Every structure is written in C-alpha cells, then in structure tokens.
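# Coordinate inspection notes
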Amino acid sequence: MATEATGGGLEFHPMDQFIVKPLFGAGDVHWYTPTNVTLWLALTALAAIAVLVLGTRGRAIVPNRAQSMAEMAYGLVHKMIEDISGKDGLRYFPYVMTLFMFVVFANLLGLLPLAFTVTSHIAVTGVLAMAVFLGVTAIGFIKNGSKFLDLFWVRSAPLAVRPILAVIEVISYFVRPLSLSIRLAGNMIAGHAVIKVFAGFAAIAAVAPVAILAVVGMYAFEVLVAFVQAYVFTILTCVYLKDALHPSH
Amino acid sequence: MISLLQEAAHTAVETTEGAIVTDEAATHGADAATHGVDAAGHAAEAAGLPQLDIATFGNQIFWLVVTLVVLYLVLSRVALPRIASVLSDRQGAVTGDLMAAEEFKQKAREAEAAYDKALADARGEAQAIVAQNRAEIQAELDAAIAKADAEISARTAESEVRIREVRATADVDAREVALDVTAELVRNFGGNVDGAVIGTAVDDRMKGAVQ
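Note that the structure is predicted; figures quoted are calculated from it, not measured.

## Looking at the overall build of chain A
When helices and strands are tallied, chain A shows six helices and two strands. In chain A, the succession of α and β elements from N to C terminus is β-β-α-α-α-α-α-α. Taken across its 249 residues, chain A has 50% of its residues classed as buried. Looking at chain A as shown, the accessible area adds up to about 11,700 Å², and 72% of this sits on carbon and sulfur atoms.

Below, the structure is given as structure tokens:
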C-alpha cells in the first residue's frame, strides 16, 4: 500500500502502483529485464490459458463450470465477429479472441490487491491498438486493393461535400488507435487511482468507514469496467474489421 | 509531484485529476526528483505519470509481444479448435437426440394406430359374431315357426277332413232317419209305404233345410 499517515499528515501515492520496476533487485529497466510488467503479463496469459485450455480438458458434452466459462467467452467473441464483421470475419477469430482474453484477464487480474495492471499502461494498450489498426488496414488493402479507399470517399453524399467528408473520414480513421488505446488505459488508470485515494483516507479513523465503503463500491464498479472495457475494445476491433472487409458505405 | 498530491489531498477527485494533468506534473518534475532521493524507503517514486516514462516502453512492448504471441499460438493451436469441436459435438449430439426423439414419436404414433386398428377389428369381429348368432337364432326361430305352422295347417286340414266326413255322414244319416221316420209315420197313418215317393219327398224337404 502506497499510503501511510506520517506526523498527522496524509501521504498519497496513488500512482506508485503503476511504476515499472525490475522483479529481481534494483537497477535500470532494460528492454529484456524481467519486470513486474513481465510477471503480470505472464499471469494474464496463464489465466487465459487456464480457462480456455485446462477448463476444456474434459471435452464434456455437458460442461462443468470452467468449460462453461470458456465456451461462453468463445461464443461471445464468435457471435460478435459474425454479427458485426460478417461470416468472412471469422477467419480472424483467433486473433480477436486473443485480444479479448488478454484484455479481460489483464483488467481483472489488475484488480487483485498488490497487482500490477498491464492494461493501465499506454505502451501496452498502444501496441494492442496499433496491432489492430495496422492489421485491419493491411487486411483492407489486401482484400479490396485500391477499393479500400472507398471507405474515405462517401459516394452516397453529394459530390461537393465528398472532399470535406474524405478529410474527416481520414482523420477519424487515424484517430482510431489513439482513442482505442487511451480509452482502455485511461479507464484503468482512473479507477485504480481512485481506489488508492479512497484507501488512503481510510488512515483517518473518523472517515475510515466511509472510505472503506467507497473502496468496496469502487471495486465493484471497477469489476464491471474491466469487463466493459474489454468488450468495447473487442467490439471496436470487429467494427474496424468490418470496414476493412466491406469498405463501401 | 508528491507535494502536489499533498496539497490536493483534501479532495480525492482533485488528486487523481492533478496526477493525470501531465504538464503540471512536469513543472513539479524537479521536486519529484529531489523527493525521490529523500524517500529512501521507496526504490522508485512516481515522477509524473509512470505511464509516460518512455524509458520503460521498450521493456513493456517486448514482453507484451512475447505474451501475445504465446497466447495467440496456444489459443489458435489448442484451445479454440478444442472448444469448436466440443461445441460441434454437442450440436451433433443434440441434433441426433432430437432425431431419435422424432423417430420414437413416430413409432409411438404407429403403435397407437396399430392399437386403434386392432381395437376396431376386434369390435367389428364381435359385431359380426353377434350378427351371425342373431341370424342363426332367427333361422332356427323361423324354422320352428314354419314347422309349427305346417303342423297347425296339417292338423287343421285333418280336422276339416273329419268335419267334412262328419258333415257328409250327417246328411246321409239325417236322410235315412227322415226316411225311416216318414215311412213309419205314413205306416202309422195307414198309408201305403212307397219307398220312391217317400225318398223324393224327403229329398225335397232336406234340400231346403240342409242348404
């Protein structure tokens, strides 16, 4: 806990939970250094694998709880792609599923006490968003060739308006990775920081009950946010994929 | 940064906002550095948003890519095909069960039809037997009635014959008696008994009486 009462005053360090530090000993963080980021990335992957691989080990016709969870996650993402991107979007199902499982487990594991939330880092969400952006753009050009540019040339609008719309469309297209990454990281940062601040107030006996109740309430809210943000990230990926597969308006 | 937070400590929301506003954090960057040295207990203090510490980006991106590649390979090679096969197996099982249920339903329907048919047959047979019995009884009855009728008519005929005989003999007897009585009467009155005259006289009288 990064908060402590010293000499009657309160010290708040709500951002200390986001510091990247080496796992073993002190020192500089090189690109290869195993850090707390490494640990929690690995735990995220292990949790996802535990549910999807170990949970379905039985291959039961009548599933147990773990298998039901795995099948629900599978069904959720599968249906999302099918509904939004269309049947031909299902080719990219493993990729979207990887993103969803990674984000949802990173968000949820980040809520554990003393955990490090990898999705609260703009470097992590930025890479996820750029992967989606570059992947979708590549798919768009490979599948449709130059017709992919129809996405920016709105044929249903009057000719005079089209250049202006094209500029707007291009800008909105390139803002996508930014909004995708900042939405996820911002939600994670804000929620975790608020919980830490409320926890800091718990050091004052007079307001401690209120502070603890507030922490409990925020925690419940953050569990919801963890799911919703993973869902939003995935659904936007599907929407971008649809644009890439069917660029005409 | 820490002094900024201490100043803003009385309101939680302000604190988080203050932490996110990066340009303010930058002005306090120097402060944060000195505080970092002061606070010996903390190995590293948050100098501004840790998220914006570009020095750690390479590390994060490297490990993230490793994690994503591992996760993608495990999901696409092991987990997702397995779940897909389980789901399709279940779909197949459900479809098979439904078809089997439909088959059983059909069989039940057929059995019901066979039962109904057997019942109708039995009922028809019973009715046929009843009708046959009735016909037999009727035939026996008819035969008995015919026999009785024949007997009755035979007896009637016999009786009529006898009555006719009686009636015929009665005429003859009556004529003889009348002849005898007439002859006797004539004799008693002192007449001459002429058989022929008496015969015609009696016949004339009897014609009117008998007929």
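## Remarks on the interface of chain B and chain A
Between chain B and chain A, the contact holds 44 residues from the first and 54 residues from the second. With both chains or domains summed, chain B and chain A bury close to 4,500 Å², and 77% of this area falls on carbon and sulfur atoms. Broken down residue by residue, the surface that chain B buries against chain A is led by Q51, Q60 and R82 of chain B, which jointly contribute 14%. In this structure, the connection of chain B to chain A is made through one salt bridge. E71 of chain A serves as the salt-bridge partner of R90 of chain B, at 2.8 Å between the closest nitrogen and oxygen. Summed over the shared surface of chain B and chain A, the result is 11 residue pairs in polar contact (both at pLDDT 80 or more). Mapped by element, the contributors of at least two residues to the side of chain B that touches chain A are helix 1 (2-7), helix 2 (12-20) and helix 5 (57-188) of chain B. Its residues placed into classes, the side of chain B that touches chain A shows 27 nonpolar, 13 polar and four charged.

## So, the nonpolar core
Counting 66 residues, the largest nonpolar core has L52, M97, M101 and F102 of chain A as its most contacted members. Those elements giving two or more residues to this core turn out to be helix 1 (36-54), helix 2 (65-84), helix 3 (93-109), helix 4 (122-144), helix 5 (162-201) and helix 6 (208-245) of chain A together with helix 5 of chain B. Look past the residues within four positions of L52 of chain A in its chain and what remains in contact with it is A70, M97 and M101 of chain A together with L75, A79 and I83 of chain B.

## Observations concerning helix 2 of chain A
Taking 1.5 Å as the rise per residue, helix 2 of chain A with 20 residues should run 28 Å; its terminal C-alpha atoms sit 28 Å apart, in good agreement. The complete set of buried residues in helix 2 of chain A reads Q67, A70, E71, A73, Y74, V77, M80 and I81 of chain A. The secondary structure elements touched by the buried residues of helix 2 of chain A are helix 1, helix 3 and helix 6 of chain A together with helix 5 of chain B. Immediately downstream of helix 2 of chain A, the backbone of G86 of chain A shows phi near 90°, a positive value.

## Notes on the pattern of salt bridges
One pass over the full model with this rule turns up 10 salt bridges over all chains. When the shortest N-O distance is used, the salt bridge between D243 of chain A and R176 of chain A registers 2.5 Å. Here the residue D243 of chain A occupies a position in helix 6, and R176 of chain A occupies one in helix 5, the gap between them amounting to 67 residues. Taking the shortest distance from any N to any O, the salt bridge between K117 of chain B and D121 of chain B comes out at 3.5 Å. In this pair, K117 of chain B and D121 of chain B both sit in helix 5, four residues apart, roughly one turn of the helix. Among the ionic contacts, a cluster of salt bridges with common partners joins R176, K242 and D243 of chain A.

## Digging into the confidence of the model for chain A
Taken residue by residue, chain A gives an average pLDDT of 89. The fraction at 70 or more is 95%. Across chain A, the element-wise mean pLDDT spans from 43 in strand 1 (residues 4-6) of chain A up to 95 in helix 3 of chain A.

## What about the packing of aromatic side chains?
One pass over the structure, following the stated rule, counts 12 aromatic pairs over all chains. One aromatic cluster in this structure is built from F133, F141, F148, F152, Y173 and F174 of chain A.

## As for the packing of helix 3 of chain A against helix 4 of chain A
All names here are of chain A. Interhelical geometry of helix 3 versus helix 4 gives an angle of 165° and a closest axis separation of 12 Å. Regarding the angle of helix 3 to helix 4, the classification is roughly antiparallel. In this structure, helix 3 meets helix 4 at a crossing whose hand is left-handed. Across the interface between the two elements, Y95, L99, F102 and V103 of helix 3 pack against V124, L128, A131 and V132 of helix 4. For the contact of helix 3 with helix 4, the residue count by class is eight nonpolar, no polar and no charged.

## Some words on a nonpolar patch on the surface
Taken together, Y95 of chain A together with I61, V65, V69, Y72 and L73 of chain B make up a surface patch of nonpolar side chains, about 450 Å² in accessible area. Topologically, V65 of chain B is positioned in helix 5. For V65 of chain B, a relative accessible area of 39% translates into the label partly exposed.

Cut-off values and rules
- Residues numbered from 1 in each chain as written.
- Chains lettered and ligands numbered in written order.
- Predicted model: local features only at pLDDT ≥ 70, side-chain atom pairs only at ≥ 80, totals over all residues.
- Heavy atoms only, no water.
- Helix = DSSP H or I, 4+ residues; strand = E, 2+ residues; numbered from the N terminus.
- Buried < 20%, exposed > 50% of the residue type's maximum accessible area, 1.4 Å probe, protein only.
- Areas by Shrake-Rupley, 256 points an atom, 1.4 Å probe, with all protein chains shown as cover.
- Contact = heavy atoms within 4.5 Å.
- Buried area = accessible area lost by both parts, 1.4 Å probe.
- Salt bridge = Lys/Arg side-chain N within 4 Å of Asp/Glu carboxyl O.
- Polar contact = N/O pair within 3.5 Å; in protein donor to acceptor, adjacent residues only side chain to side chain.
- Nonpolar A, V, L, I, M, F, W, Y, C, P; charged D, E, K, R; others polar.
- Core = buried A, V, L, I, M, F, W, Y, C linked by side-chain atoms within 4.5 Å.
- Expected span 1.5 Å × (residues − 1).
- pLDDT = per-residue confidence, 0-100.
- Phe/Tyr/Trp six-rings, centres within 6.5 Å; stacked < 30°, edge-to-face > 60°.
- Axes fitted to C-alpha atoms, helices over the stretch in contact; angles between N-to-C directions.
- Parallel < 35°, antiparallel > 145°, perpendicular 65-115°, else oblique.
- Left-handed = near helix turned anticlockwise from the far one by under 90°.
- Patch = residues over 30% accessible without salt bridge, like charges linked within 9 Å, V, L, I, M, F, W, Y side chains within 5 Å.

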